[in-house]
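Architecture and fold: a report
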Amino acid sequence: VGLVHGTYIIAENEDGMYIIDQHAAAERINYEKYLKKMGTHDDHMMDLLIPLKIELSPQDFLVLKEKMQKLIDLNFEVEEFGINTVLVRSHPYWLPEQSLEEAIRKIIDIVISEREFDPYKFTEKVAITLACKMSIKANDHMELVAMEDLLERLRNTDNPFTCPHGRPTIIAYSKYEL
Ligand code: ZN
Ligand code: ZN
């Protein structure tokens, strides 16, 4: 039907009315997409046109040096590059082309902050972080076709009812309740 406060999609069918949070819905779709791509063990890499230099605090650098293999396992080509700096030459193909640098930095942050390394939890955390980053925000105006497309893709997810943080995507009102 339309969009309220640039954030909530209002939809209807024979049974009732639905309020869908556009960010939570997009996050669910993107989360499942990243989780699937990361789980395919496709070792296809993309070279950066210009290698990315990432400077860290001395403390973070020491932690990352120990965990460099985690990045390599994820299909990053990364090496030490001078004082407290790493150089990223290639990245896994599934990283979003827009905000690439930010996505790489986020993944490095997660590698540094993860204490006990659980590969499943790690993958999940990366997928949630990227999904949140890549999803339409509140107050981003959507056209009707884009809303319809979002709902169609939400319908096809494994769990359409919550975002990966556990917040509800849909509130439903039956005709009776209305
Ligand atoms: Zn979010
Ligand atoms: Zn969320």
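As shown above, the structure is provided for reference.
Below is a summary of the structure that appears in this document. (Residues numbered from 1 in each chain as written. Chains lettered and ligands numbered in written order. Predicted model: local features only at pLDDT ≥ 70, side-chain atom pairs only at ≥ 80, totals over all residues. Heavy atoms only, no water.)

With that settled, consider the overall build of the chain. What the chain contains, in helices and strands, is five helices and seven strands. Going residue by residue from the N terminus, the α and β elements of the chain occur as β-β-β-α-β-α-β-β-α-α-α-β. Its C-alpha atoms put the chain at 65 × 30 × 30 Å along the principal axes. Across the 178 residues in the chain, those meeting the buried criterion constitute 40%. A separation threshold of at least 6 residues defines the contact pool for the chain, and within that pool the share at least 24 residues apart is 66%. Summed over its atoms, the accessible surface of the chain is roughly 10,700 Å², and 53% of this surface lies on carbon and sulfur atoms. (Helix = DSSP H or I, 4+ residues; strand = E, 2+ residues; numbered from the N terminus. Buried < 20%, exposed > 50% of the residue type's maximum accessible area, 1.4 Å probe, protein only. Contact = heavy atoms within 4.5 Å. Areas by Shrake-Rupley, 256 points an atom, 1.4 Å probe, with all protein chains shown as cover.)

The subject of this paragraph is the coordination of the zinc ion (ligand 1). Taken together, the protein ligands of the zinc ion (ligand 1) are His23 (NE2), Glu27 (OE) and Cys132 (SG), with distances of 1.9 to 2.3 Å. Taken in sequence order, the residues that donate to the zinc ion (ligand 1) follow the motif H-x3-E-x104-C. Here the zinc ion (ligand 1) and the zinc ion (ligand 2) are spaced 4.0 Å apart, with Glu27 acting as a shared donor. Placement of both His23 and Glu27 in helix α1 (residues 22-38) is noted, with a separation of four residues, approximately one turn of the helix. For Glu27, a relative accessible area of 1% puts it in the buried group. (Donors = N, O, S within 2.8 Å, 3.2 Å for Na, K, Ca; no water.)

One open sheet holds the three strands; their spatial order is β4-β6-β5, and the pairing between them is antiparallel. The strands lining the two open edges of the sheet, one partner per strand, are β4 (45-55) and β5 (77-80). Between one strand axis and the next, the sheet turns by 15° as a mean value, whatever way the strands run. Alignment of β5 against strand β6 (residues 85-92), held across four bridges, turns out to be antiparallel. Bridged to Glu77 within β6 is Ser90. Contacting β4 and β6, helix α3 (residues 100-113) crosses the sheet at an angle of about 65° to β4. (Pairing = 2+ DSSP bridges. Axes fitted to C-alpha atoms, helices over the stretch in contact; angles between N-to-C directions.)

For the rest of this paragraph, the subject is the packing of aromatic side chains. Evaluation of the coordinates by the stated rule reveals zero aromatic pairs. Against the face of Tyr34 rests Lys33, its NZ or CZ located 5.2 Å from the ring centre. (Phe/Tyr/Trp six-rings, centres within 6.5 Å; stacked < 30°, edge-to-face > 60°. Lys NZ or Arg CZ within 6 Å of the ring centre and 35° of its normal.)

Here we take up the coordination of the zinc ion (ligand 2). Ligation of the zinc ion (ligand 2) by protein atoms is provided by Glu27 (OE), Cys163 (SG) and His165 (ND1), these donors lying 1.9 to 2.4 Å from the ion. Every donor residue of the zinc ion (ligand 2) comes from the same chain, spaced as E-x135-C-x1-H.

So, on to the pattern of salt bridges. Side-chain pairs of opposite charge can arise where the charged atoms are in close proximity. Following the criterion strictly, the structure yields eight salt bridges and no others. Among the salt bridges present, the one from Glu102 reaches Lys133, with a minimum N-O distance of 3.7 Å. With a gap of 31 residues between them, Glu102 in helix α3 and Lys133 in helix α4 (residues 119-134) connect regions that are remote in the sequence. On the basis of relative accessibility, which here comes to 36%, the residue Glu102 falls in the partly exposed class. Exposure remark for Lys133: the relative accessible area of 26% places this residue in the partly exposed category. (Salt bridge = Lys/Arg side-chain N within 4 Å of Asp/Glu carboxyl O.)

Relative to the helices and strands, Gln22 resides in helix α1. The contact partners of Gln22, leaving out residues within four places of it in the chain, are Leu3, Gly6, Thr7, Ile9, Ile136, Lys137, Ala138, Asn139, Asp140, Met142 and Leu150.

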